[in-house]
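This is what each chain is made of:
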Amino acid sequence: MLKKYPILKWTLITLASLIVLLVSFGFWFKSLIPPQNKQIATSLVENLPYVTENIPAHRGKILAVVTSTATMGSSGKSTGYELTELARAYYVFQANGFEVDVASPLGGKPPVVIDDEDMGAYDFAFLNDPIAQQKTSNTIAIKDVVEEDYEAVFFVGGKGAMFDFPENKKIQALIRNYYQSNKVIGAVCHGPAALVNVTLDDGRSLLENKSVSSFTNEEELLLIPDAASVFPFLLQDKLIAQGARFNPGAMYLEKMSHDQNLVTGQNPWSVWAVAETMVRQLGHTPKFRQITGEENAVKILNAYHEQGAQKAREMIKEMSADAKTPFDRLLIAKHGIIAAMRGKIGQFYDLIRLTSFAKKMEDAQAEYS
């Protein structure tokens, strides 16, 4: 039969070859992924020297605000606040001498989003921290917040923030009062949704001519193509419409904007920078913190986007030679997949090659040591 239909024959051969190639690539790609550190899930705050040692004298309190919204509008998709965005900022503030309270529009126990793939030692420690869990299980209703008790406010991201932050009059009043009294306001990812309807006493929008970062349209639409109908607005568009000078970075990589007492970040990878910049804006030098493997991977990826693959390879080689400079090659691999999703085949190829190079460097260093 195949002799009579050569086109069918070659079509079947081509399909079979593609399947073999895809399966082979899948096994090879899996070999690039580092094994999961199962012990990390048992991380405890008492085992994190950054949080427990050399803590400055009490410097006051910072209020963290999380969403109370559990569902994205009428879409039926679940949401909540992003645990990593709260946990990392919480410990930066605590390590630098600030007590942290947690509030939400409704109070009580808000919905939370936990992405296992993004969880690190600080995030699991937060889950295992009885004090932190007591605060997140019994958040202060925003209407009951005593503004004078806090030196700063930090709006945590999570897609639910798009629904219950923008129209909340108490949130608007708190931000207006803090901004006008020169207290520090921070927000990350979807957290800047809290800023969009804030009007100052002189009638101007808070955002007018402010440098601001938040989750971008590109980041939103990649994973939720119908985001414009799911959310009340696209955050980037709304911030720009209210006069902000929007400051985007590379997709899913760290980007932070600092405009006087307003500090904003693009996504979860920006939390460390936002929190430490808030501490600096409060008049203190942030204490030393060992940079995480994820942050070093972000540096490599930013170098790739800004200076090319060769520079990224040089950074991988340097970091691999230094046991005190870990980097997360899984994040580099993930960005390769993101590039493929966006149809950027050249980037996909580059980033998978960088992941492979990173594994070779790590393996060589392990063998040498």
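Just above sits the structure.
This write-up is about the structure you can find in this document.

Calculation notes
- Residues numbered from 1 in each chain as written.
- Predicted model: local features only at pLDDT ≥ 70, side-chain atom pairs only at ≥ 80, totals over all residues.
- Heavy atoms only, no water.
- 1 Å grid on protein atoms, 1.4 Å probe; cavity = no way out; pocket = protein on both sides within 12 Å on 5 of 7 lines; lining within 4 Å.
- Points joined across faces, edges and corners; volume = space filled by probe spheres on them.
- Helix = DSSP H or I, 4+ residues; strand = E, 2+ residues; numbered from the N terminus.
- Nonpolar A, V, L, I, M, F, W, Y, C, P; charged D, E, K, R; others polar.
- Salt bridge = Lys/Arg side-chain N within 4 Å of Asp/Glu carboxyl O.
- Buried < 20%, exposed > 50% of the residue type's maximum accessible area, 1.4 Å probe, protein only.
- Patch = residues over 30% accessible without salt bridge, like charges linked within 9 Å, V, L, I, M, F, W, Y side chains within 5 Å.
- Areas by Shrake-Rupley, 256 points an atom, 1.4 Å probe, with all protein chains shown as cover.
- Phe/Tyr/Trp six-rings, centres within 6.5 Å; stacked < 30°, edge-to-face > 60°.
- Polar contact = N/O pair within 3.5 Å; in protein donor to acceptor, adjacent residues only side chain to side chain.
- Contact = heavy atoms within 4.5 Å.

### So, the layout of surface pockets
Where empty space is left becomes clear once a probe the size of a water molecule has been rolled over the atoms.
Then, number 1: Estimates place the volume of the second largest pocket at around 580 Å³.
Then, number 2: What lines the second largest pocket is a set of 27 residues, among which D115, D118, L223, Y252 and W269 lie closest to the centre.
Then, number 3: Of all the secondary structure elements, the ones that give two or more residues to the lining of the second largest pocket are α3 (83-95), α8 (217-223) and α14 (329-341).
Then, number 4: With 6 residues, α14 is the largest single contributor of residues to the lining of the second largest pocket.
Then, number 5: Here the lining of the second largest pocket is built from residues that sort into 16 nonpolar, 4 polar and 7 charged.

### Considering the pattern of salt bridges
Then, number 1: Here the structure, examined in full by the defined rule, presents 16 salt bridges.
Then, number 2: Of the charged contacts, one joins D144 and K143 as a salt bridge, the two residues approaching to 3.3 Å between their closest N and O atoms.
Then, number 3: Using a relative accessible area of 47% as the deciding quantity, one classes D144 as partly exposed.
Then, number 4: Judged by relative accessible area, which is 63%, K143 ranks as exposed.
Then, number 5: Among the ionic pairs, E218 bridges to R342, the shortest N-O distance being 2.6 Å. Taken together, the residues E218 in helix α8 and R342 in the loop between α14 and α15 (345-368) connect sequence positions 124 residues apart.
Then, number 6: The class for R342 is partly exposed, based on a relative accessible area of 27%.

### Structural notes on a nonpolar patch on the surface
Then, number 1: A cluster of nonpolar residues, V112, I114 and L127, forms a patch on the protein surface that exposes about 200 Å² of accessible area.
Then, number 2: With respect to the helices and strands, V112 occurs in strand β4 (residues 112-113).
Then, number 3: Residue class for V112 comes out partly exposed when judged on its relative accessible area of 35%.

### Some details on the packing of aromatic side chains
Then, number 1: By the definition in use, this model includes 11 aromatic pairs.
Then, number 2: Considering the side-chain rings of Y90 and F126, the 5.2 Å spacing of their centres and the 85° angle between planes classify their relative orientation as edge-to-face. One end of the pair, Y90, is in helix α3; the other, F126, is in helix α4 (residues 121-127), with 36 residues separating them in the sequence.
Then, number 3: Assessed through its relative accessible area of 2%, Y90 is described here as buried.
Then, number 4: A residue is classified by how much of its surface remains accessible, and F126, at 0% relative accessible area, is buried.
Then, number 5: Geometrically, the ring pair formed by Y122 and W272 is edge-to-face, given 5.3 Å between the ring centres and 75° between the ring planes. Pair noted here: Y122 is in helix α4 and W272 is in helix α11 (residues 271-281), with a separation of 150 residues, a long-range link.

### Remarks on the side chain of N261
Then, number 1: The residue N261 is located in the loop between β10 (256-259) and β11 (262-265) in this model.
Then, number 2: At a separation of 3.4 Å, a polar atom in the side chain of N261 contacts the main-chain carbonyl oxygen of Y179.
Then, number 3: In this structure the side chain of N261 is engaged in a polar contact, spanning 2.7 Å, whose partner is the backbone oxygen of K183.
Then, number 4: Residues in contact with N261, not counting those within four places in the same chain, are Y178, Y179, N182, K183, V184, I185 and Q281.

### Notes on unusual backbone geometry
Then, number 1: A positive phi angle is found at N182, which is not glycine, with a value near 65°.
Then, number 2: In this fold, N182 is placed in the loop between α7 (169-180) and β7 (184-188).
Then, number 3: With relative accessibility at 55%, the residue N182 sits in the exposed group.
Then, number 4: In this model, Y252 sits at a positive phi of 60°, which is unusual for a non-glycine residue.
Then, number 5: Mapping Y252 onto the fold places it in the loop between β9 (245-246) and β10.

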